[in-house]
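# Chain and residue survey
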Amino acid sequence: MRKHYLYSGTVASNRTRALDAAVELLGTAGMRSLTHGRVDEVAGLPRGSTSNSFRTRQALLQGVADRIAELEPPTLGATLAPPASAEEFVDGLCTLLDYLATENRTQTTARLALLLEASRDEEVRDTLARVRAPMEAAIVVTMATLGARDPRGAAWAVIACLEGLLLHRIARSDSAEARPILQLVTDAALRP
């Protein structure tokens with residue numbers, strides 16, 4: 001499983017390679033697999049490299065959360081443009097859900113694993129909240145634009161539904177059609 005992490009034609013720093021390998025491990029093999037030695041192995045780094053950058057498991061978990069925070073916003077940016085209609089909004093949510101559950105599955109799975117860790121770790125919780133904030137703000141604006149009486153409450157309902165569907169897709173391999181569910185929640189959120 002040895003990888004050579006390349007970025008813009010150059011080899012990534014050991015720290016970045018370690019973090020990307022940690023995201024890969026967390027997203028494919030789970031929380032128990034996330035050890036300094038396994039990260040070194042997956043990243044193709046000399047033994048002890050990851051522990052030089054991240055002295056404790058806590059530091060490594062925080063590093064992974066920070067790396068996901070760095071990687072996710074660019075991938076979400078295109079999906080956050082204000083839609084012209086509720087149907088277009090639901091189209092965007094479906095596209096986002098499919099992307100997060102397929103092309104970006106490993107990173108999404110790692111973020112979901114960190115979400116459970118966040119229940120015990122305030123730093124990880126704060127980092128994940130920082131990742132969610134731009135999406136939440138964009139959906140609040142969208143809900144206001146589409147006429148929601150309570151844009152913040154409407155956004156929270158839509159996001160909770162999206163996150164639940166995503167969790168089911170990742171954890172249960174649930175392939176239920178998301179559109180009717182997202183449409184139902186969106187319509188309810190926009191009801192006068």
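Placed above this text is the structure.
We now turn to the structure provided with this report. (Residues numbered from 1 in each chain as written. Predicted model: local features only at pLDDT ≥ 70, side-chain atom pairs only at ≥ 80, totals over all residues. Heavy atoms only, no water.)

## Side note on the overall build of the protein
Counting its regular elements, the protein contains 9 helices and 2 strands. Scanning the protein from its N terminus toward the C terminus, one meets helices and strands in the order β-β-α-α-α-α-α-α-α-α-α. Seen along its three principal axes, the alpha-carbon backbone of the protein occupies a region of about 60 × 30 × 30 Å. When burial is assessed residue by residue, the protein has 45% of its 192 residues classed as buried. The contacts of the protein with a sequence gap of at least 6 include a subset with a gap of at least 24, amounting to 65%. Element-wise, carbon and sulfur atoms account for 55% of the exposed surface of the protein, whose accessible area totals about 10,000 Å². The protein carries 22 positive and 23 negative side-chain charges, and their two centres are separated by 6 Å. (Helix = DSSP H or I, 4+ residues; strand = E, 2+ residues; numbered from the N terminus. Buried < 20%, exposed > 50% of the residue type's maximum accessible area, 1.4 Å probe, protein only. Contact = heavy atoms within 4.5 Å. Areas by Shrake-Rupley, 256 points an atom, 1.4 Å probe, with all protein chains shown as cover. Lys, Arg positive; Asp, Glu negative; His and termini not counted. Charge placed at Lys NZ, Arg CZ, Asp CG, Glu CD.)

## Notes on the packing of aromatic side chains
Here the structure, examined in full by the defined rule, presents 0 aromatic pairs. The lysine or arginine in question, R132, covers the ring of W156, its NZ or CZ lying 5.6 Å from the ring centre. (Phe/Tyr/Trp six-rings, centres within 6.5 Å; stacked < 30°, edge-to-face > 60°. Lys NZ or Arg CZ within 6 Å of the ring centre and 35° of its normal.)

## Observations concerning the environment of D40
Considering the arrangement of structural elements, one finds D40 in helix α2 (residues 36-43). Separated by 25 residues in the primary sequence, D40 and A65 place their C-alpha atoms 18 Å from one another. Sequence-distant contacts of D40, defined by excluding residues within four places in its chain, comprise L45, P46, R47, G48, S49 and T50. At 2.5 Å, the side chain of D40 forms a polar contact with the side chain of T50. (Polar contact = N/O pair within 3.5 Å; in protein donor to acceptor, adjacent residues only side chain to side chain.)

## Topic: helix α7 (residues 122-145)
Taking 1.5 Å of rise per residue, the 24 residues of α7 would be expected to cover 34 Å, and the 34 Å separating its terminal C-alpha atoms lies within 8% of that figure. At R132, α7 is bent by approximately 35 degrees, the largest bend along its length, and proline P134 sits one to four residues beyond. Residues of α7 that are buried: V124, T127, L128, V131, M135, E136, A138, I139, V140, T142 and M143. Count one or two residues on from α7 and you reach G147, which has phi positive near 100 degrees. (Expected span 1.5 Å × (residues − 1). Bend = angle between axes of the 7 residues up to and from the residue.)

## Topic: α2
Burial in α2 covers these residues: H36, V39, D40, V42 and A43. Following α2 by one or two positions, G44 adopts a phi angle in the positive range, close to 70 degrees.

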